Amino acid sequence: MTATAEFSKYTNEGYQFKGESITLGGAMFNGEALPDTFVKVPLKTLNRHGLIAGATGTGKTKTIQVLSEQLSSFGIPVLMMDIKGDFSGIAKAGEAKSFITERHTKINLPYQPDSFPVELLSLSQQNGVRLRATVSEFGPVLFSRILDLNDTQAGVVAVIFKYCDDKKMPLLDLKDIKKVINYITEEGKEEIQEHYGKISTSTTGIILRKIIELEQQGGDIFFGEKSFEIDDLMRIDENGKGYVNILRLTDIQDKPKLFSTFMLSLLAEIYQQMPEKGDADQPELVIFIDEAHLIFNEASDALLDQIETIIKLIRSKGIGVYFITQNPMDVPASVLAQLGLKIQHALRAFTAKDRQAIKQTAENYPISDYYKTDEVLTSLGIGEAFVTALNEKGIPTPLAATMMRAPMSRMDVLTDAEIAEINAKSKLVKKYAEAIDRESAYEMLTQKIESANQQAEVEAEAETKQEERKSNEPSTAEVIGKSVTKVVTSATFIRGVFGILNKLFRK
């Protein structure tokens with residue numbers, strides 16, 4: 001048996017699964033794609049998370065597109081966080097161009113253009129389905145971690161949430177919690193101190209500044225109602241295809257705090273709401289997080305711990321999370337250890353640091369008798385990648401250099417007219433279009449403060465009038481003097497005096 005035939009047999013055996021699977025492409029040996037040697041991923045292990053990495057221009061976006069198409073075809077919804085804005089073409093069918101059909105002929109895989117149901121989501125003012133969440137939904141612990149607060153400051157946030165719960169004051173947006181902070185340090189200081197303990201104004205000042213920082217990155221738009229419902233990510237269209245939900249983030253690339261806030265709140269919300277699925281045959285939802293370094297570079301230690309915890313636990317809910325980045329070293333080792341599927345596109349070695357990173361990357365993959373991994377990593381072409389997945393028993397599949405299949409949908413972005421068309425047909429755009437500002441902590445405290453001020457004004461006015469009345473009334477001495485004068489000058493008194501004098505003179 002030749003080395004090529006031996007490799008083909010070894011690979012086919014390693015990628016043979018009992019249940020349904022998605023096909024990523026064909027295995028390569030000595031730089032050549034082999035027909036009928038398919039590299040696949042079982043649906044059963046897609047909730048074990050994954051990593052898609054590689055230098056700019058090596059084909060990561062098209063790989064995500066292929067994965068999303070395959071998932072949608074099996075009725076599995078997708079959420080794609082699209083930082084660069086180049087993923088929307090999945091809504092339109094592709095074209096069978098010569099370079100595509102040539103690629104598919106090499107691996108003996110038919111090519112059939114197709115389109116997939118899409119929802120366009122937005123965290124900002126872009127057209128699409130508006131995503132929002134309330135401050136109360138975050139809870140004091142998660143909200144404190146997003147703000148990167150220490151234990152003392154987090155304790156004060158917990159008191160704020162407790163006070164608002166006790167007083168039945170909803171915390172919906174950032175202006176609500178800012179109003180509460182101002183209230184407990186000014187008008188309500190004595191009330192808080194009596195029932196909840198003394199709170200330092202320097203601590204509340206730090207919390208307020210952190211909230212303003214979040215607000216400046218777009219948090220004022222994200223926090224509020226109507227809150228996005230997780231069930232709306234899980235929709236299937238009339239043809240049985242899962243919806244591909246594209247979160248367009250092109251206008252918040254310089255706002256990593258908002259990006260990480262949304263991602264963490266979404267994962268936490270999904271984890272809390274989704275029931276346990278155990279060992280299911282396929283995932284309920286798969287999430288792709290593009291430019292993942294934006295999260296990890298800006299995240300505090302507390303936030304990283306929270307992300308790691310959720311990643312560990314959320315797979316039991318049937319949710320798969322996939323990180324996309326240029327270098328796998330962008331992802332913390334603690335998170336990297338949780339990832340089952342790894343798709344590594346080419347890396348470029350321009351410096352000694354690059355070469356060291358390639359060597360470290362190679363060590364994260366299974367040892368192969370057929371590849372010198374660190375060397376192949378630098379020689380992979382566009383649309384080629386190293387792949388290793390987990391089989392149905394949770395064992396890593398053989399490492400395979402893979403010629404990735406081409407996307408069935410358009411490999412280009414939608415036009416403005418096409419985007420408008422999708423949004424016009426969307427039921428979710430209409431559902432979440434209206435921003436609701438119902439009575440919450442801000443309005444209730446404002447009313448409370450105004451009522452207190454009005455009462456104080458009424459009391460002050462009454463006191464002033466009373467003092468004026470007192471100043472206009474005669475004093476006791478004046479009253480007595482006037483009474484004496486009245487008596488002395490009265491006719492009766494005078495007649496009496498004259499009567500006494502007449503009697504004295506007669507004597």
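Residues numbered from 1 in each chain as written. Predicted model: local features only at pLDDT ≥ 70, side-chain atom pairs only at ≥ 80, totals over all residues. Heavy atoms only, no water.

A.B. asks: How do you make sense of the overall build of the protein chain when you look at a structure like this?
C.D. replies: Helices and strands together make up the secondary structure of the protein chain, namely 19 helices and 12 strands. The buried share among the 507 residues of the protein chain stands at 51%. Counted over contacts in the protein chain with a minimum sequence separation of 6, partners at least 24 positions apart contribute 77%. Of the accessible surface of the protein chain, which amounts to about 24,700 Å², a share of 50% is contributed by carbon and sulfur atoms. (Helix = DSSP H or I, 4+ residues; strand = E, 2+ residues; numbered from the N terminus. Buried < 20%, exposed > 50% of the residue type's maximum accessible area, 1.4 Å probe, protein only. Contact = heavy atoms within 4.5 Å. Areas by Shrake-Rupley, 256 points an atom, 1.4 Å probe, with all protein chains shown as cover.)

A.B. asks: Quick question: what am I supposed to make of the pairing of strand β1 (residues 21–29) here?
C.D. replies: Sheet faces and side chains relate simply in a regular strand, where the side chains alternate between the two faces. The buried fraction of β1 is high, at nine of nine residues. Both β1 and strand β2 (residues 32–42) contribute to a ladder of seven bridges, which runs antiparallel. Its bridge partner being in β2, Ile22 is matched across the sheet by Val41. Here β1 hands over to β2 after two residues, with Asn30 in that stretch at a positive phi of 55 degrees. (Pairing = 2+ DSSP bridges.)

A.B. asks: For this particular structure, what's the right way to read the layout of surface pockets?
C.D. replies: Gaps left between atoms are located by rolling a probe of water-molecule size over the structure's atoms. Empty space within the largest pocket amounts to approximately 480 Å³. Among the elements of the structure, β5 (118–122) and α15 (416–425) are those that each provide at least two residues to the lining of the largest pocket. Counted by class, the lining of the largest pocket contains six nonpolar, three polar and nine charged residues. A volume near 290 Å³ is recorded for the second largest pocket. In terms of lining, the second largest pocket is formed by 17 residues, of which the most central are Phe99, Arg103, Ile382, Gly383 and Ala406. Listed by contribution, the elements that provide at least two residues to the lining of the second largest pocket are α2 (60–73), α3 (98–107) and β12 (400–404). In terms of residues, the lining of the second largest pocket owes the most to one element, α3, which gives five residues. (1 Å grid on protein atoms, 1.4 Å probe; cavity = no way out; pocket = protein on both sides within 12 Å on 5 of 7 lines; lining within 4 Å. Points joined across faces, edges and corners; volume = space filled by probe spheres on them. Nonpolar A, V, L, I, M, F, W, Y, C, P; charged D, E, K, R; others polar.)

A.B. asks: Even after reading the chapter, I still don't get unusual backbone geometry, so can you show me in this structure?
C.D. replies: Leaving glycine aside, a negative phi is the common case for residues, and trans is the common case for peptide bonds. Backbone torsion omega between Glu225 and Lys226 reads 15 degrees, so that peptide bond is classified as cis. Tracing the backbone through its elements, the reader meets Lys226 in the loop between α8 (201–222) and β7 (244–248). One non-glycine residue with positive phi stands out, namely Asp148, at about 60 degrees. Inspection of the secondary structure assignment puts Asp148 in the loop between α4 (135–146) and α5 (151–166). Positive phi outside glycine occurs at Lys168, with the angle close to 55 degrees. Among the secondary structure elements, Lys168 is positioned in the loop between α5 and α6 (174–185).

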